[in-house]
Amino acid sequence: MSAASCLRSEDQFLCSICLDVFTDPVTTPCGHNFCKNCITEHWNSNDQYLCPMCKEVFYIRPDLKVNTLLTELVAQFRQEAQQKASSSSSEQQAAKPGEVPCDVCTGTKLKALKSCLVCLTSYCETHLEPHLTVSGLKRHQLMGPVENLEDRMCMKHDKPLELFCKTDQTCVCMLCSVLDHKTHDVVPLKEEYEGKKAELGKTEAEIQHMIQKRRLKIQEIKHSVDLSKEDADREIAEGVQVFIALKESVERSLNELIEMIEEKQRTAEKQAEDFIKELEQEISELMKRSSEVEKLSRSEDHLHVLQNFLSLKAAPPTKDWTEVSVRPPSYEGTVVRAVTQLEETFSKEMKKLLGEVELKRVQQYAVDVTLDPDTAHPKLILSDDGKQVNHGDVWKNLPNNPERFSYFVCVLGKQSFSSSRFYFEVQVKGKTKWDLGVARESINRKGNISLSPENGYWTIWLRNGSDYRALAGPDVRLSLKSQPQKVGVFVDYEEGLVSFYDVDAAALIFSFTGCSFTEKLYPYFGPCSNDGGKNSASLIICPVNQTA
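Computed from a predicted structure; not experimentally measured.

Novice: When you look at the overall build of the chain in this model, what are you seeing that I'm missing?
Specialist: Each helix and strand counted, the chain has 9 helices and 23 strands in total. A compact globule built from 548 residues should have a C-alpha radius of gyration of about 24 Å, whereas the chain, at 55 Å, is more than 25% larger. In terms of overall dimensions, the chain has a C-alpha envelope of 185 × 90 × 40 Å along the principal axes. By the burial criterion, 34% of the 548 residues in the chain qualify as buried. Pairs at least 24 residues apart make up 57% of the contacts formed inside the chain by residues separated by at least 6 positions. Accessible surface, the chain: about 33,300 Å² in total, of which carbon and sulfur atoms supply 53%.

The structure is reproduced here in structure tokens:
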């Protein structure tokens, strides 16, 4: 065993007061061992006779005697330590960076094994030997090697700082505890160390918790960035799709314009070609007649001339070309008309494409909605899967619970939403009147109800088969190009937005904006009365086809 390992096992032979190997060890009635002189001075400087280790109080000062067995063991330990320190001195190593060097070594500084709080010096194994063998030095307080030993001494009394004043929250020496801090709450450094160590453990746990929260926040931020990139990529893809479609529309219109102009030019050229061909045929006939006339005029045969004169004198049948002309086709206003037509087509295409893009965007927030039978008016009939509702003529005997509508023929969805965005679609095909939208949790469900945002309802309705209105308080009449067969409802809770869409036409019907949502929102369905069978069709919650 090396000297270092031997010295590390010396704790069992150290006095807890002077922190040095026992000198004349004595045992208190509570079973703890101290140097005789150390415990005597300790009791002389305090008002109570208590054990420095366990704090047991003795009302009568104990009569202490030297523990002979422990004295012999200490003597044996010192002898062994001295021998092992001597035999292992050759194995010592030079101090490495970060290790405490011996203050006595000259030349190469060896690694310090102990520091003395009395000498304020750190020693390697060789230079530590006197503190283990010389009686005067054996009483010095040794500890593990540390730097800046002066900081561990009381500047006022030049004694080791081995106590802690809890009153002043400072380290003190033994003399401080009986002089300047006599009435204060003073405890051994080790005791305060254990308490502070426990506090540091809590602090470390809190710091680790804070670190974990921040790591989670980093993950959250990264996830937000990923979502943002996905949104950006999707918007770019949709933008490319829109602009490609618009570009194709422009190219199509340009090709049509060019084709129309070229067709006019081809028509003019064909007319000119026909005229020229006809004129050339007449010229050929006239040239033939001219040759015959010339030949006849040179003839000396009186009879022949007179017999053919009449047939050659008359001009051959020809067309009167006086008023005939080929007029260049007029292109006046052609481009303007084409651009005007393009603008109309462009506007229609753009609205359609933007409507499709917008509808696809909100459809990604589709949620599964089912009807809540506990809120349904007693005359409503709900399907077993909670996806369809229509009005029946029979009043069912149902509990009149607070959630149930008792006057208005309507029902809420089971699902509630208090953040983020959500979207659902409802088939209204075949109905002549209906109400759709969302409602807040605290709405009035009894008696007559006025549907308006002020009362907690954000809805649109159909009446008389063609009267569409947004119940914005006052109502807003809606002019729709076609009757919706399927209506999409989209809510952005944080933005305070409720929008309605004609799903088949991919067109926005109406939006409530600037809404202030402070509580849960529920999908709202009003199939209205069946009106003698005219409005017997059901409102049907449909699965959202996000690829449409």
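Novice: Could you clarify how one ought to interpret the packing of helix α7 (residues 189–297) against helix α8 (residues 302–313) in this entry?
Specialist: Any two packed helices are characterised by the angle at which their axes cross and by the distance between the axes. Their axes nearest at 10 Å, the elements α7 and α8 cross at an angle of 155°. One element, α7, and the other, α8, form an angle in the roughly antiparallel class. Relative to α8, α7 is oriented so that their crossing is left-handed. Every residue of α8 that contacts α7 at Arg289, Glu292, Val293 and Leu296 is listed here: His304, Val305, Asn308, Phe309, Ser311 and Leu312. Residues that form the contact of α7 with α8 fall into these classes: 5 nonpolar, 3 polar and 2 charged.

Novice: I tried to follow the side chain of Asp372 on my own but got confused; where do I start?
Specialist: Along the chain, Asp372 turns up in the loop between α9 (334–363) and β11 (380–382). Despite its burial, Asp372 pairs with no opposite charge, the nearest such side chain being Lys414 at 5.8 Å.

Novice: Looking at this structure, how should I read α7?
Specialist: Working note: α-helix, 3.6 residues per turn, so residues spaced by three or four point in the same direction. The end-to-end C-alpha separation of α7 is 155 Å, in line with the 162 Å expected for 109 residues at 1.5 Å each. All buried positions along α7 are accounted for by Glu192, Glu238, Val242, Leu246, Ser249, Ser253, Leu257, Ala268, Phe275, Glu282, Arg289 and Leu296. Buried residues along α7 sit in contact with β8 (163–165), β10 (186–188), α8 and α9.

Novice: Is there a simple way to think about the sheet that holds strand β18 (residues 476–478) in this case?
Specialist: Pairing within the open sheet is antiparallel, and its 6 strands lie in the order β13-β22-β15-β16-β17-β18. Unpaired on one side and paired on the other, β13 (411–412) and β18 mark the two borders of the sheet. Across 4 bridges, the pairing between strand β16 (residues 457–463) and strand β17 (residues 467–470) is antiparallel. Residue Arg463 lies in a different strand from β17, and its bridge partner there is Asp467.

Novice: Would you take a moment to explain the confidence of the model for the chain for this structure?
Specialist: Caution applies to low-pLDDT parts of the model: their predicted coordinates are not meant to be read in detail. Here the chain averages 87 in pLDDT, and 95% of its residues register 70 or above. Within the model, the stretch residues 1–8 combines pLDDT values under 50 with 15 contacts to residues more than four positions away or in other chains.

Novice: When you look at the sheet that holds strand β12 (residues 388–391) in this model, what are you seeing that I'm missing?
Specialist: Note: strands within a sheet are paired through backbone hydrogen bonds, in either parallel or antiparallel orientation. The strand order across the open sheet built from 7 strands is β11-β12-β23-β14-β19-β20-β21, with neighbouring strands paired in antiparallel fashion. Only two strands of the sheet have a single neighbouring strand rather than two, namely β11 and β21 (507–512). Taking the axes of each pair of neighbouring strands and ignoring which way they run, one obtains an average angle of 20° across the sheet. Pairing of strand β19 (residues 486–492) with strand β20 (residues 497–502) involves 6 bridges; the strand directions are antiparallel.

Novice: Explain unusual backbone geometry to me, please; I cannot follow it from the model alone.
Specialist: Outside of glycine, negative phi angles account for most residues, and trans bonds account for most peptide bonds. Look at the link from Gly473 to Pro474: it is a cis peptide, with omega at 10°. With respect to the helices, strands and loops of the structure, Pro474 is situated in the loop between β17 and β18. Positive phi is not limited to glycine here, since Asp24 has a value of about 50°. In this structure, Asp24 sits in the loop between α1 (3–8) and β1 (25–27). What makes Asp24 partly exposed here is its relative accessible area of 43%. The backbone of Leu120 shows a phi angle near 55°, a positive value even though the residue is not glycine. Tracing the backbone through its elements, the reader meets Leu120 in the loop between β5 (114–116) and β6 (121–123).

Definitions and limits used
Each chain carries its own residue numbering, running from 1 in the direction its sequence is written. Totals for whole chains, interfaces and linings use every residue, but because this is a predicted model, local features are given only for residues with pLDDT of at least 70 and side-chain atom pairs only at 80 or more, for both listing and counting. The basis for every side-chain value is the complete set of heavy atoms in the structure, and neither hydrogens nor water enter the calculation. Counting from the N terminus, the helices are the DSSP runs of H or I reaching at least four residues and the strands are the DSSP runs of E reaching at least two. Within these notes, the globule rule equals 2.2 Å times the number of residues to the 0.38 power, and the radius of gyration is based on C-alpha atoms. Throughout, exposure labels follow a simple rule: accessible area from a 1.4 Å probe, protein chains only, divided by the maximum for the residue type, with under 20% read as buried, over 50% as exposed, and the rest as partly exposed. Note on definitions: a residue-residue contact is assigned when non-hydrogen atoms from the two residues lie within 4.5 Å. For the accessible areas, the method is Shrake-Rupley and the probe is 1.4 Å, while residue cover comes only from the protein chains on display. In this analysis, axes come from line fits to C-alpha atoms, helices being fitted only over the stretch in contact, and the angle between any two N-to-C directions falls in the range 0 to 180 degrees. Roughly parallel means an angle under 35 degrees; roughly antiparallel means over 145; roughly perpendicular covers 65 to 115; every other angle is labelled oblique. Helix crossings get a hand from a simple test, with the near helix turned counterclockwise from the far one by less than a right angle marking a left-handed crossing and a clockwise turn marking a right-handed one. As a working rule, the residues Ala, Val, Leu, Ile, Met, Phe, Trp, Tyr, Cys and Pro are called nonpolar, Asp, Glu, Lys and Arg charged, and the rest polar, with Gly in that last group. When charges are counted, Lys and Arg are positive and Asp and Glu negative, with His and the chain ends excluded. The working definition used for a salt bridge is a side-chain nitrogen of Lys or Arg within 4 Å of a carboxyl oxygen of Asp or Glu. Expected span of a helix, by definition, is 1.5 Å for each gap between consecutive residues, and there is one gap fewer than residues. Strands were regarded as paired on the criterion that DSSP finds at least two bridges between them. pLDDT: the predictor's confidence for each residue, scored from 0 to 100.

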